Amino acid sequence: MKIIFNSDILTQLQLPSAKKNGDISRSLCQFCQKINQSGHTIIIPKTVELELERIQRDNIKALVEKFKGLQNELEYWGIGHSFRNYDLPDHFHRDLVAELKSCGASVQIEHPLLEDFQSAQERAALRLPPHSYSSENSKKNSDEMRDLVIWCISVRIATKEEGALLLSKDEIHVSKAGDSEAQSSGLIRLKSLDNALHFLEIESSYDLAVKEVLKRHWNVFLKADFNKNENEFKLFIDSFFQGTEGVEQIIAKIVFLESEGNILSGKVKLMINNEMTITKVIFYELSSSSGKDYPQQQFRTEFVINLPELFDKDYLDRLNSLKDIL
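Basis of the calculations
- Residues numbered from 1 in each chain as written.
- Predicted model: local features only at pLDDT ≥ 70, side-chain atom pairs only at ≥ 80, totals over all residues.
- Heavy atoms only, no water.
- Buried < 20%, exposed > 50% of the residue type's maximum accessible area, 1.4 Å probe, protein only.
- Helix = DSSP H or I, 4+ residues; strand = E, 2+ residues; numbered from the N terminus.
- Pairing = 2+ DSSP bridges.
- Phe/Tyr/Trp six-rings, centres within 6.5 Å; stacked < 30°, edge-to-face > 60°.
- Expected span 1.5 Å × (residues − 1).
- Salt bridge = Lys/Arg side-chain N within 4 Å of Asp/Glu carboxyl O.
- Axes fitted to C-alpha atoms, helices over the stretch in contact; angles between N-to-C directions.
- Contact = heavy atoms within 4.5 Å.
- Disulfide = S-S within 2.5 Å.
- pLDDT = per-residue confidence, 0-100.

Colleague: For the pairing of strand β1 (residues 2-5), give the residues involved together with the corresponding values.
Modeller: Side chains of β1 alternate between two faces, with Lys-2 and Ile-4 and Ile-3 and Phe-5 buried alike. As paired strands, β1 and strand β2 (residues 41-45) are joined by three bridges and run parallel to one another. Bridged to Ile-3 within β2 is Ile-42. Bridge count between β1 and strand β4 (residues 164-167): four bridges; the pairing is parallel. In the strand pairing of β4, Ile-4 is matched with Leu-166.

What follows is the structure, encoded as structure tokens:
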């Protein structure tokens, strides 16, 4: 999958600093290593690269002024010093793409196309989605056109690749106004590296099989407090309990996409009788990255599941052997 970075995520590079190239924040470097192992590619829109260069330039300028001010203060009071005059911009400039690659990531710069600029212009002028500001607030948002160019690049990539992930905290990128277009293009929007790693985790064939059973009957869960879309969640089996007649209970981790760049994570417990029917589904320990928690949700069900086929004997034997070792 293509993972598109906005500049507010990449500022975790803590620019500028006197650190050596490659010494970027640990969380970002670990993220690069993990996604590279799964074959994902980081996309840096050229607009983002230019903004980060501007951030470096402005911060370096401020450092130069502080340096000169300190020199002048020492000389004013007749205090000797051994500060040498070197070229601060050259000393502090860092190659951001090279630093990301040094952590093992595959990185590409994506230049905006003419159609991206034209679409961004139309959205800005006509206040079209994902525009979510009032006219008064829009005048205060000097970065609006820049944000819309990045949005258009992201939608284009998601449409072409049949899915992409945009990492951004920007209001235009994660607002509900962009939900419809994001869903139709396959663009996932998240606000943190941790949320991205949760959602990029790979589901096994067994995870997908249980997930498909829930998706087929998702109308049963529409009255749940969390009320999430059945097409926007992932499921990972944590454990199962086997009785005399077969599997009686499955416990899995479940992760939902939410609006405004958040995720909702928790657990789901499936109770199964000896007639291979899921009789009860319980969602619990549900917590959103937005800070909201949900109470336990319990549903009576009659979902038929083909457990002998889903959990073949070899799979059960291997899991039981692992449990014995642990």
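Colleague: Go over the packing of aromatic side chains, please, and point to the residues and values.
Modeller: All chains considered together, the criterion is met by 11 aromatic pairs. When the ring of Phe-221 is compared with that of Phe-283, the centres are 5.3 Å apart and the planes differ by 85°; the resulting orientation is edge-to-face. On the criterion of sequence distance, the pair formed by Phe-221 in the loop between α12 (205-216) and β6 (233-243) and Phe-283 in strand β9 (residues 277-288) is long-range, its members being 62 residues apart. Overall, Phe-221 belongs to the buried group, its relative accessible area being 1%. Phe-283 gets classed as buried once you look at its relative accessible area, which sits at 0%.

Colleague: How would you summarise unusual backbone geometry if you had to cite specific residues and measurements?
Modeller: In this structure, Pro-130 follows Pro-129 across a cis peptide bond, with omega equal to 10°. One non-glycine residue, Glu-285, adopts positive backbone phi at about 55°. Relative to the helices and strands, Glu-285 resides in strand β9.

Colleague: Give me helix α8 (residues 144-161): which residues, what numbers.
Modeller: Between its first and last C-alpha atoms α8 spans 26 Å; for 18 residues at 1.5 Å apiece the expected length is 26 Å, and the two agree. The element α8 is largely enclosed, with a buried count of 14 among its 18 residues. Downstream of α8 by a residue or two, Glu-162 has a phi angle that is positive, lying close to 60°.

Colleague: Quick one: what's the story with the pattern of salt bridges, residue by residue and with numbers?
Modeller: Across all of its chains, the model carries 13 salt bridges by this definition. The closest approach of N and O atoms between Glu-51 and Arg-146, which form a salt bridge, is 2.5 Å. Linking Glu-51 in helix α3 (residues 46-76) with Arg-146 in helix α8, this pair joins segments that are 95 residues apart in sequence. Relative accessible area serves as the criterion here: at 13%, Glu-51 is assigned to the buried category. Members of the salt-bridge network, linked through shared partners, are Glu-51, Arg-54, Arg-57, Asp-58, Arg-146 and Asp-147.

Colleague: An account of the sheet that holds strand β5 (residues 187-190) is requested, with residue identities and associated values reported.
Modeller: Across the sheet, which stays open at both edges, the five strands sit in the order β3-β2-β1-β4-β5 with parallel pairing between neighbours. A strand with exactly one partner marks an edge of an open sheet, and here the two such strands are β3 (107-110) and β5. Looking at each pair of strands side by side, their axes are set apart by 30° on average, direction ignored. Running at roughly 160° to β1, helix α2 (residues 26-37) makes contact with β1, β2 and β4 of the sheet.

Colleague: An account of the pairing of β9 is needed here, citing residue identities and associated values.
Modeller: β9 sits mainly inside the fold: nine of its 12 residues count as buried. Two strands pair when backbone bridges link them, and strand β8 (residues 263-272) and β9 are joined in this way by eight bridges, in the antiparallel orientation. In the sheet register, Ser-265 faces β9, and the bridge partner there is Ser-287. Hairpin remark: β8 followed by β9, antiparallel, with four residues in the connecting loop; positive phi at Met-276, about 60°. Where β9 and strand β11 (residues 297-304) come together, six bridges link them in antiparallel fashion.

Colleague: Break down the state of the cysteines for me, citing the residues and quoting the values.
Modeller: Per the stated rule, a full pass over the model turns up one disulfide. With its sulfur 2.3 Å from that of its partner, Cys-29 forms a disulfide with Cys-103. Between Cys-29 and Cys-103, the S-S dihedral sits near -110°, and the bridge is therefore left-handed. Placement of Cys-29 in helix α2 and of Cys-103 in the loop between α5 (96-102) and β3 is noted, with a sequence separation of 74 residues between them.

Colleague: How would you sum up the confidence of the model for the chain? Please name residues and give values.
Modeller: Predicted confidence across the chain gives a mean pLDDT of 83, with 81% of residues reaching 70 or more. A low-confidence stretch, residues 17-22 stays under pLDDT 50, and its non-local contacts, those more than four residues away or across chains, total 10 contacts.

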